[in-house]
Amino acid sequence: NAGVTQTPKFRVLKTGQSMTLLCAQDMNHEYMYWYRQDPGMGLRLIHYSVGEGTTAKGEVPDGYNVSRLKKQNFLLGLESAAPSQTSVYFCASKAAGGNQPQHFGDGTRLSIL
Amino acid sequence: QQQVKQSPQSLIVQKGGIPIINCAYENTAFDYFPWYQQFPGKGPALLIAIRPDVSEKKEGRFTISFNKSAKQFSLHIMDSQPGDSATYFCAARGSSNTGKLIFGQGTTLQVKP
């Protein structure tokens, strides 16, 4: 049981390049989330999904897009990377209902030059 | 705008000490308050959580104290150990329908042997 798996773990991009971060969960969770973590800022929600085929904006969605075509996968895309998007990105998943916890992956460290 | 304010940003204690991390929130609609623990290179993991109708919750050496009227809550770590050295995040949930969490800025705790 792998839980939440994020790929890649590290990536360096040049300004203007595009890329997709993949999040996969094997817990059959309904809800999935993408966060970015920056020093002194905590974790800020980028986008989230409450089910297959649905997505919604979080606190800091600009410059990112997401897709959830399959229940187990949640993709985060950067169409034209900017240095301000240098961050550590975390994906989380959560079972629906009650006070179920969010389960996090181990993050993707992304540097934009 | 940060809706959950966490302090201090960093904390150093000796083994056996009782570090205290404080959080304050503004939105009275928040209905669930978890604490997450994060080790370097890993994603956050749920440590302990409390509902606003409870004033205190203990799990092992970890205790949450909750003051609804002051809109504040805090994490106490009893008999702290070097293995407790990590970053701690408080959070607040705004909607049980989406499970979205608003995180505090984080506190880096170092417990010296």
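Residues numbered from 1 in each chain as written. Chains lettered and ligands numbered in written order. Predicted model: local features only at pLDDT ≥ 70, side-chain atom pairs only at ≥ 80, totals over all residues. Heavy atoms only, no water.

(A) Seen up close, the overall build of chain A. Secondary structure summary: chain A contains 0 helices and 11 strands in total. Its helices and strands taken in sequence order, chain A reads β-β-β-β-β-β-β-β-β-β-β from the N to the C terminus. At 13 Å, chain A has a C-alpha radius of gyration in line with the 13 Å of a compact globule built from 113 residues. A principal-axis box enclosing the C-alpha atoms of chain A has dimensions of 40 × 30 × 25 Å. Buried positions account for 47% of the 113 residues belonging to chain A. (Helix = DSSP H or I, 4+ residues; strand = E, 2+ residues; numbered from the N terminus. Rg over C-alpha atoms; globule rule 2.2 N^0.38 Å. Buried < 20%, exposed > 50% of the residue type's maximum accessible area, 1.4 Å probe, protein only.)

(B) Broad picture of the interface of chain A and chain B. Tallying the contact residues gives 20 residues for chain A and 21 residues for chain B. For the pair chain A and chain B, the interface holds 1 salt bridge. Two residues, Lys42(B) and Asp106(A), come together in a salt bridge whose shortest N-O distance is 3.6 Å. Inspection of the chain A/chain B interface yields 9 residue pairs in polar contact (both at pLDDT 80 or more). Elements with a contribution of two residues or more to the side of chain A that touches chain B: β4 (31-38), β5 (42-51) and β9 (87-94) of chain A. Take the side of chain A that touches chain B: its biggest share by element is 5 residues, from β5(A). Residue composition of the side of chain A that touches chain B, grouped by class: 11 nonpolar, 7 polar and 2 charged. (Contact = heavy atoms within 4.5 Å. Salt bridge = Lys/Arg side-chain N within 4 Å of Asp/Glu carboxyl O. Polar contact = N/O pair within 3.5 Å; in protein donor to acceptor, adjacent residues only side chain to side chain. Nonpolar A, V, L, I, M, F, W, Y, C, P; charged D, E, K, R; others polar.)

(C) Structural detail: the state of the cysteines. Residue and element names in this part refer to chain A. Overall, the coordinates contain 2 disulfides over all chains when judged by the stated rule. Across the disulfide from Cys 23 sits Cys 91; the S-S distance is 1.9 Å. Measuring the twist about the S-S bond at about -75°, one finds the Cys 23-Cys 91 disulfide to be left-handed. Taken as a pair, Cys 23 in strand β3 (residues 19-25) and Cys 91 in strand β9 lie far apart in primary sequence, 68 residues in all. On the basis of relative accessibility, which here comes to 0%, the residue Cys 23 falls in the buried class. On the basis of relative accessibility, which here comes to 0%, the residue Cys 91 falls in the buried class. (Disulfide = S-S within 2.5 Å.)

(D) Spotlight on the environment of Gln81(B). Residues and elements named next belong to chain B. Structurally, Gln 81 can be placed in the loop between β8 (72-77) and β9 (86-93). Judged by its relative accessible area of 24%, Gln 81 falls in the partly exposed class. In sequence terms Gln 81 and Gly 16 are 65 residues apart; their C-alpha atoms lie 6.4 Å from each other. If we ignore the near neighbours within four places in the chain, the residues touching Gln 81 are Lys 15, Arg 61 and Val 111.

(E) Spatial organisation of empty space enclosed by the protein. A complete count under the given rule lists 2 cavities of 30 Å³ or more for this structure. The volume enclosed by the largest cavity comes to roughly 40 Å³. As for the largest cavity, its lining consists of Lys94(A), Gln100(A), Pro101(A), Gln102(A), Tyr32(B), Tyr36(B), Arg93(B), Gly99(B) and Leu101(B). Classifying every residue of the lining of the largest cavity by side-chain character gives 4 nonpolar, 3 polar and 2 charged. (1 Å grid on protein atoms, 1.4 Å probe; cavity = no way out; pocket = protein on both sides within 12 Å on 5 of 7 lines; lining within 4 Å. Points joined across faces, edges and corners; volume = space filled by probe spheres on them.)

(F) The arrangement of the nonpolar core in detail. Residues and elements named next belong to chain B. One finds Phe 33, Trp 35, Phe 73, Leu 75 and Tyr 88 to be the most contacted residues of the largest nonpolar core, which totals 24 residues. Where this core is concerned, the elements lending two or more residues are β2 (10-14), β3 (20-25), β4 (33-38), β5 (45-50), β7 (62-67), β8, β9 and β11 (107-112). Take this core: its biggest share by element is 4 residues, from β9. Here Phe 33 is in contact with Tyr 25, Ile 48, Ala 49, Ile 50, Pro 52, Ile 64, Phe 66, Phe 73, Ala 91 and Ala 92, once residues within four sequence places are set aside. (Core = buried A, V, L, I, M, F, W, Y, C linked by side-chain atoms within 4.5 Å.)

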